[in-house]
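Here is how the chains run, residue by residue.
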Amino acid sequence: MIEINNISKWYGKFQVLTHCTSKVDKGEVVVVCGPSGSGKSTLIKCVNGLEPFQAGEIIVDGISVGAKQTDLPKLRARIGMVFQNFELFPHLSIMENLTLAQIKVLGRSKEEATAKGMKLLERVGLAEQAPKFPGQLSGGQQQRVAIARALAMDPIAMLFDEPTSALDPEMINEVLDVMVELAKEGMTMMVVTHEMGFARKVAHRVIFMDKGEIVEDAAKEDFFGKPRSERAAHFLSKILNH
Amino acid sequence: MTGDLDFEIVGHTLPYLITGLQYTVQLTLIAALGGILFGTLLAMARLSSMKPLAMLAAGYVNLMRSIPLLLVIFWFYFLLPVIIQSVMGWERPPQIGADRSAYITFIMFEAAYFCEIMRAGIQSIAKGQVGAANALGLNYWQSMRLIVLPQAFRNMLPVLLTQTIILFQDVSLVSLLNVTDFVGAAVKVAQRDSRVVEMYAFVAVVYFVICYCLSILVKQLQQRIAIIR
């Protein structure tokens, strides 16, 4: 589904990604972790072309993301993305947030889009918030709306860029619950997160990144059982102690 | 003109003055709308990743903002027809007319100022908003039109209105092209009836009342927007 082949990226002279290679199969849940500044958010943003990369190739569902002839908007419409800061559109109501791209990008009718939006809001338990504006919702609620907004496009895969990092602790679980449910339904997911509990529960594979490199790419059992690299072991010991 | 003032002249010529005021308001509104539209396009050009386009827009804005408005008005009115004539190789300069020239001048001139306001507005929208719009499959124009510009416009509304109040005052310069705007009408009456003090005092009071009231409204609007945000 998602193939990342030998990606390198520079900001000016500073190399942020170095020869990153990995893949996410259909129905697979892959968690990307690592210390801050390790390039994991940058990597996931390369997958739908939000960040350009200078070398290597990313193939999503048979289409090369970096290729000049690729219709990026069309490809992006098929990949859902959830951001650290939710990025709901503050000038639009919750329902409009969910229907805008359905109507403008997929060409659905307003009724169809609204019905779909309502179904997804019910699914994340926020149906009664439909007429409100993002600013009136809590962070956890906003992030659940953001997930529903991405799902409204019927994506073939979902990308999560630190979806719980900006949340107050008591709101993290309501978002993770939605994600766990999604994973159990067989959604293809690539998730940048520090939530190792989530990784243990639903991930198939864990990618560990440090200094722009993929240091470890292992099945969940192997990663948590006995990380092969010292850096990954060190990272795990730091975040699992609490 | 003698020492004794006679404000009855204002009453007698009021319909004529109101026609002038209507023209001033109309020119202000059209120039503001046209200027915001053109200025927004300029702002998008200035922020474009296409370097030549960005430089061209920046050059235009800096040029307009470095020349006194009066000079720009004269340029468009007196020199532009001659330039068009020589470029097109016509026998006579095209008849643009003071009226049309005034509209064109103010739209072009104000666009430079509205551009800078909209540029600040666009930059005030977090980059993540564009990212989210793009991630949903919206293209550049869609994300600008549906996501970035509505928010930028809302954030900048008080500044845009303040600039429009300035424009409302600046429009009085067209009276120098012999256009009968509010000031132009007053000048004509003042000269015909030798009532300079009365007419100029009346015009000043009207300008003051309108602009002061509008500025209070803008201040209230500003506070309301601050609460919403």
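Now for a look at the structure at hand.

### Description of the packing of helix H5 (residues 139-151) of chain A against helix H6 (residues 169-184) of chain A
All names here are of chain A.
Okay, step 1: One can describe the packing of H5 onto H6 by two numbers: an axis separation of 8 Å at closest approach and a directional angle of 20°. Taken as axis vectors, H5 and H6 run roughly parallel relative to one another. H5 and H6 meet at a crossing whose hand is right-handed. Where H5 approaches H6, its residues Gly139, Gly140, Gln141, Gln143, Arg144, Ile147 and Leu151 are matched on the opposing element by Met171, Glu174, Val175, Val178, Met179 and Leu182.

### Concerning the interface of chain A and chain B
Okay, step 1: Taken together, the 20 residues of chain A in the interface contact 17 residues of chain B.
Okay, step 2: Interface of chain A and chain B: buried area, both sides summed, is about 1,600 Å²; carbon and sulfur atoms make up 67% of it.
Okay, step 3: Our count for the contact surface shared by chain A and chain B stands at zero salt bridges.
Okay, step 4: Joining chain A to chain B, the criterion identifies five residue pairs in polar contact (both at pLDDT 80 or more).
Okay, step 5: Of all the secondary structure elements, the ones that give two or more residues to the side of chain A that touches chain B are helix H2 (72-76), strand E6 (79-82) and helix H3 (94-104) of chain A.
Okay, step 6: Of the residues forming the side of chain A that touches chain B, the biggest block, three residues, is contributed by H3(A).
Okay, step 7: Split by residue class, the side of chain A that touches chain B holds 14 nonpolar, two polar and four charged.

### Remarks on the environment of B:Ala152
Residues and elements named next belong to chain B.
Okay, step 1: Following the sequence through the fold, Ala152 ends up in helix H6 (residues 140-170).
Okay, step 2: Sequence spacing of Ala152 and Met118 is 34 residues, and the spatial spacing of their C-alpha atoms is 6.8 Å.
Okay, step 3: Contacts of Ala152, omitting those with residues within four sequence positions, involve Met118, Gly121, Ile122 and Ile125.

What counts as what
Residues numbered from 1 in each chain as written. Chains lettered and ligands numbered in written order. Predicted model: local features only at pLDDT ≥ 70, side-chain atom pairs only at ≥ 80, totals over all residues. Heavy atoms only, no water. Axes fitted to C-alpha atoms, helices over the stretch in contact; angles between N-to-C directions. Helix = DSSP H or I, 4+ residues; strand = E, 2+ residues; numbered from the N terminus. Parallel < 35°, antiparallel > 145°, perpendicular 65-115°, else oblique. Left-handed = near helix turned anticlockwise from the far one by under 90°. Contact = heavy atoms within 4.5 Å. Buried area = accessible area lost by both parts, 1.4 Å probe. Salt bridge = Lys/Arg side-chain N within 4 Å of Asp/Glu carboxyl O. Polar contact = N/O pair within 3.5 Å; in protein donor to acceptor, adjacent residues only side chain to side chain. Nonpolar A, V, L, I, M, F, W, Y, C, P; charged D, E, K, R; others polar.

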